[in-house]
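Fold and geometry: a report
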Amino acid sequence: MYLSAESLTILMVHLIAHWGKLCSAFGDVNIVVIAIGDNPIYGFYAQIPMYDVTMERLQKKYPVALSNATMHVIHEPGQIICPDAAAMMYNVAGKLHSLMHNLTGLTVIISPGCSLEVIALGDFAREWNVPLFATIAGDQALTDKRRFPTVIAYGPPDHPSLALAGKRLLDKFAWTTVTFLCDQLTQYPALAGFYQTACRNFRQMLDSDNAGNKYILYTLSFDSNNTRRTLSDLLQKSKSRCRKADRLNMTNGDYMFLAPHVTQCPTLGNNTWQYFNEEDERALRAFQSLIILNNPNPDWANIQPLLTDVWNVTKGKYSHPLTADQQVAFCQEPSSRLS
């Protein structure tokens, strides 16, 4: 939510600072926000109040330059997960095209959707020659400027920089044999997209710089929701890839585990080994070989006035309590404990 407001601010300041006399050159400025679904993390009710507050603040700060700026919202309601939202982009693109047909001046699209949504929408933006700013998506594919010349993606997960940080960490310690354990997380469909993208991008980052077989790479996909194929089984298979290492203790430093995580925020909680039960000793040994990769954390205290404004707008205009089923489906986090 915080980065969505920041993204809109950066966009508007960029328009003002670098495109000169915007109003005289383009007339009206149309900011079209596409909000698919009602996911409490990145859906309509989580995102649009922030855009409302940001637009109000910017129009007060730049009253002349933004006098002709209008925000339009395309909202597809429902509890929609990322793959389904991507499949809906063709219908959404039709609505967007109809809207733009009736608009004059400059049109800019903002999408707080997931990577699969933006990849589909980015192809339309290229054909329309319309700038598309993605505030959540961060797939490595979106950096391909031949396919997506009008797309700028800088969401909070920021998968390209997260993968680059992981690569530099491997290079620093000369770790060259890497096995990716990629969980499909079918029990958490709202979160699965992030972890799948993170795993895929990390692998692609190493593949792109693997001249002379610098890295030895393996990928083991699994679904922690499938009790017939557990993580323990996959670890055993991973160990068998290297017979010498198989004879060593996996928590004595010969194996390191890297966990790429989204930017931390208060709703995600902490990764901890300590639950004050009989598993603590075992979990502590596991955590001694764990490195968690995070993007920089937002300065939550510094933006408290902004969040207060958003809270007030949400209560007055966008109140939308979640049902018990929605809370379980979209708010429940996977266990952060490693044992």
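Rules used in this analysis
- Residues numbered from 1 in each chain as written.
- Predicted model: local features only at pLDDT ≥ 70, side-chain atom pairs only at ≥ 80, totals over all residues.
- Heavy atoms only, no water.
- Helix = DSSP H or I, 4+ residues; strand = E, 2+ residues; numbered from the N terminus.
- Buried < 20%, exposed > 50% of the residue type's maximum accessible area, 1.4 Å probe, protein only.
- Areas by Shrake-Rupley, 256 points an atom, 1.4 Å probe, with all protein chains shown as cover.
- Disulfide = S-S within 2.5 Å.
- Salt bridge = Lys/Arg side-chain N within 4 Å of Asp/Glu carboxyl O.
- Pairing = 2+ DSSP bridges.
- Axes fitted to C-alpha atoms, helices over the stretch in contact; angles between N-to-C directions.
- Contact = heavy atoms within 4.5 Å.

Assigned secondary structure in the protein consists of 13 helices and nine strands. Looking at the protein as a whole, 42% of its 339 residues are labelled buried. Split by element, the accessible area of the protein, about 18000 Å² in all, is 53% carbon and sulfur.

Attention now goes to the state of the cysteines. Simply put, the disulfide is a covalent bond whose two ends are the sulfur atoms of two cysteines. One pass over the full model with this rule turns up two disulfides. Here C82 pairs with C114 through a disulfide, and the sulfurs are 1.9 Å apart. Classification of the bridge connecting C82 and C114 rests on its S-S torsion, roughly 90 degrees, and on that basis the disulfide is right-handed. Of the two residues, C82 is situated in helix α4 (residues 82-87) and C114 in the loop between β3 (106-111) and α6 (115-128); the sequence distance between them amounts to 32 residues.

To continue, consider the pattern of salt bridges. Taken as a whole and judged by the stated rule, the model has 14 salt bridges. For the salt bridge of R200 with D139, the shortest nitrogen-to-oxygen distance reads 2.6 Å. Within this pair, whereas R200 is found in helix α8 (residues 189-207), its partner D139 is found in the loop between β4 (132-134) and β5 (151-153), the two being separated by 61 residues in sequence. Residue classification places R200 among the partly exposed residues on the basis of a relative accessible area of 36%. Put simply, K214 and D171 hold a salt bridge, and the shortest N to O gap is 3.6 Å. Of the two residues, K214 sits in the loop between α8 and β7 (216-222) while D171 sits in helix α7 (residues 159-172), which places them 43 residues apart along the sequence. A relative accessible area of 37% places K214 in the partly exposed class. Relative accessible area serves as the criterion here: at 30%, D171 is assigned to the partly exposed category. A single network of salt bridges, built from pairs that share partners, joins D123, R126, E127 and R147.

Glancing now at the sheet that holds strand β1 (residues 29-36). Taken in spatial order, the five strands of this open sheet run β2-β1-β3-β4-β5, and their pairing is parallel. For this open sheet the edge positions go to β2 (69-76) and β5, each flanked by a neighbour on one side alone. Direction aside, the axes of adjacent strands within the sheet are offset by 20 degrees on average. Looking at chain direction, β1 and β2 are connected through eight bridges and run parallel. In the sheet register, V29 faces β2, and the bridge partner there is A69. Packed onto the sheet, helix α5 (residues 89-101) meets β1, β2 and β3 and runs at close to 150 degrees relative to β2. α6 contacts β1, β3, β4 and β5 of the sheet and is inclined by roughly 165 degrees relative to β4.

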